[in-house]
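Observations on chain architecture
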Amino acid sequence: MEETTFKGVRTRMAPSPTGEYHIGHIRTLLYNIAYARKHGGKFIVRIEDTDRTRFVPDATEKILDVIRDYGFSWDEGPEAEGKFGPYVQSERLNLYKKYALELVEKKHAYYCFCTSERLAELREVQQKQGVSATRYDRACLKLSQTEIEQKLASNTPYVIRLKVPENEEISFHDEILGDITFNSSDIDDQVLLKSDGYPTYHLAVVVDDHLMGVTHIMRGTDWVPSTPKHVLLYRAFGWKMPITAHLPNIKEKGANKKLSKRFGPVSAREFLEEGYLVPALVNFLMFLGWNPGTEKEIYTLEEFVQDFDTKKIQHTDLVAFDRDKLLWLNGIYIRQLTDSQLWEEVTKWAQKYNVALLSSAKNDEFNIKVISLIKERLKVLKEFSELTEFFYIRPSVDISMTVSYAGNEATAKEIITNFAGEYERVSEGDWNTEYLDKYSHELLEKYGYKPKEAFMTLRVFLTGKTATPPLFDVLSLLGKDQTLERLKI
Ligand code: GLU
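Residues numbered from 1 in each chain as written. Predicted model: local features only at pLDDT ≥ 70, side-chain atom pairs only at ≥ 80, totals over all residues. Heavy atoms only, no water.

1. Some points on the pattern of salt bridges
If you walk through the whole model with that rule in mind, you get 33 salt bridges. Among the ionic pairs, R92 bridges to D208, the shortest N-O distance being 2.9 Å. Here R92, found in the loop between α2 (59–69) and α3 (93–105), pairs with D208, found in helix α6 (residues 201–211); they are 116 residues apart in sequence, far enough to count as distant. This pair shows no difference in class: R92 is buried, exactly as D208 is. Note that E365 and K369 form a salt bridge whose closest N and O atoms lie 3.9 Å from each other. Of this pair, E365 and K369 are both found in helix α13 (residues 364–374), four residues apart, which corresponds to roughly one turn of the helix. A network of salt bridges, in which partner residues are shared, links R12, R46, E48, R92, D208 and D209. (Salt bridge = Lys/Arg side-chain N within 4 Å of Asp/Glu carboxyl O. Helix = DSSP H or I, 4+ residues; strand = E, 2+ residues; numbered from the N terminus. Buried < 20%, exposed > 50% of the residue type's maximum accessible area, 1.4 Å probe, protein only.)

Shown next as structure tokens:
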């Protein structure tokens, strides 16, 4: 591949197909996209599938799908145009080998023929000696050229290792964390090319970021310890290193650990399946590490791109993932939709995630009215079925459930029978919220019931729930026939 001069900012996201994409990955992807867009640059997706032991066959497709489900796209990458592909590392193997050999040639790397048994023994011995990190003892660095050639000629399996200089300060400037220095004595002679012919992450990432003209690398702080190895590689190749910006990783709020299923969804897909709206999720992710320094909390993607600045990114390792705030934000986005837009979201979501909706038996007009009644209380789309079930099917209720409001079963029965008898006389034309409200309050006086006593009894008996939308809205929507049917004792 020819070296090319690139124009402008080029950022990238480099997923490894080892499993589901984490919500934190989408945050990192969002920042990379925002940075590229803000500077009129390009955003690249590259699949880093060189670790065959962790490779999951359909993970690439799933990751690309979920990126699209969050509303994002890439300028270059798999299934997109791009002059610097292929954008899947397993399709670039010859290239890595060529560059690994170039480093051997330049004496920045060397062949290592040690067997895995020898390396395991070495580790064991070092562990017994109590070293903080085990490392390769450079036995193969002492091999003569003839010995190397003999081993290669006899097809002895080998890896290629980086020759890390001894006791040297390796520094780089991180756009967010500032100047960072490592001592090379703490860095092992990193394997660059494995015996299966695949490159390690370190070699592949450096070669590809260079060949794809990446100008800015934004990734989680867990990659900081890898960066000095990359610095050495860029130096060995004589290439200019992209600017790095290490972003805080995400932890569960209130617990000093990474997101856990115990608290809710973790993967990017699970959040969508739970029924969070994409703009709400994206808005939430914007604030995981970045803050405009104003009170503004509701951001469209366009506004975010405008305001995004790496100077406003937190200089910490970890940022708290506040699930309550996400729920709150989702509620805001839900209430910004009209009833019919929200209904459309619910149906699209149910179809995508195979959720059977009871509402399919009713017409959209009815369903949209249902939505209008529960919209205030809906926090995630997943709650729709539970909040609305009683509109579609008669709940199984027992008179005993009303006792705490009516005082005893006899009074409960009396309330239900009296109201049923009175409602029977209401004409279809009067069967609406306003009339039922007024009339039912008159009935309280007529029979001498307290509001809570009568209305809670009716509510529980009609819906099976103690918390519902306003009672007379429920009656009105259920209709006269269904209401009377349910009030039969
Ligand atoms: N393939 C790496 C990952 O799985 C990419 C790390 C990087 O951005 O350099 O996250």
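2. Examining the side chain of T200
Within the secondary structure, T200 is located in the loop between β7 (191–193) and α6. Ignoring sequence-local partners within four residues, the contact set of T200 consists of T50, Q190, V191, L192 and K194. (Contact = heavy atoms within 4.5 Å.)

3. Quick look at unusual backbone geometry
The residue after G85, namely P86, is reached through a cis peptide bond having omega 0°. Here P86 is to be found in the loop between α2 and α3. Non-glycine residue K107 carries a positive phi angle of around 65°. On the secondary structure map, K107 appears in the loop between α3 and β3 (109–112). K107 gets classed as exposed once you look at its relative accessible area, which sits at 58%. Even without being glycine, N167 reaches a positive phi, approximately 45°. Secondary-structure assignment places N167 in the loop between β4 (159–162) and β5 (169–174).

4. Brief notes about the site of the ligand
The immediate surroundings of the ligand are formed by R12, A14, S16, E48, Y201, V205, R219 and W223. In the environment of the ligand, an oxygen atom lies 2.8 Å from a nitrogen or oxygen atom belonging to the side chain of R219. Relative to its unbound accessible surface of 290 Å², the ligand loses 86% to contact with the protein. Here the residues of the shell around the ligand sort into four nonpolar, one polar and three charged. (Near = heavy atom within 4 Å. Polar contact = N/O pair within 3.5 Å; in protein donor to acceptor, adjacent residues only side chain to side chain. Areas by Shrake-Rupley, 256 points an atom, 1.4 Å probe, with all protein chains shown as cover. Nonpolar A, V, L, I, M, F, W, Y, C, P; charged D, E, K, R; others polar.)

5. A few points about the environment of R10
Mapping R10 onto the fold places it in strand β1 (residues 10–13). Using a relative accessible area of 4% as the deciding quantity, one classes R10 as buried. Along the backbone, R10 and G40 are 30 residues apart, and their C-alpha atoms lie at a distance of 9.2 Å. Within the structure, R10 has its side chain in polar contact with the backbone oxygen of M212 (distance 2.8 Å).

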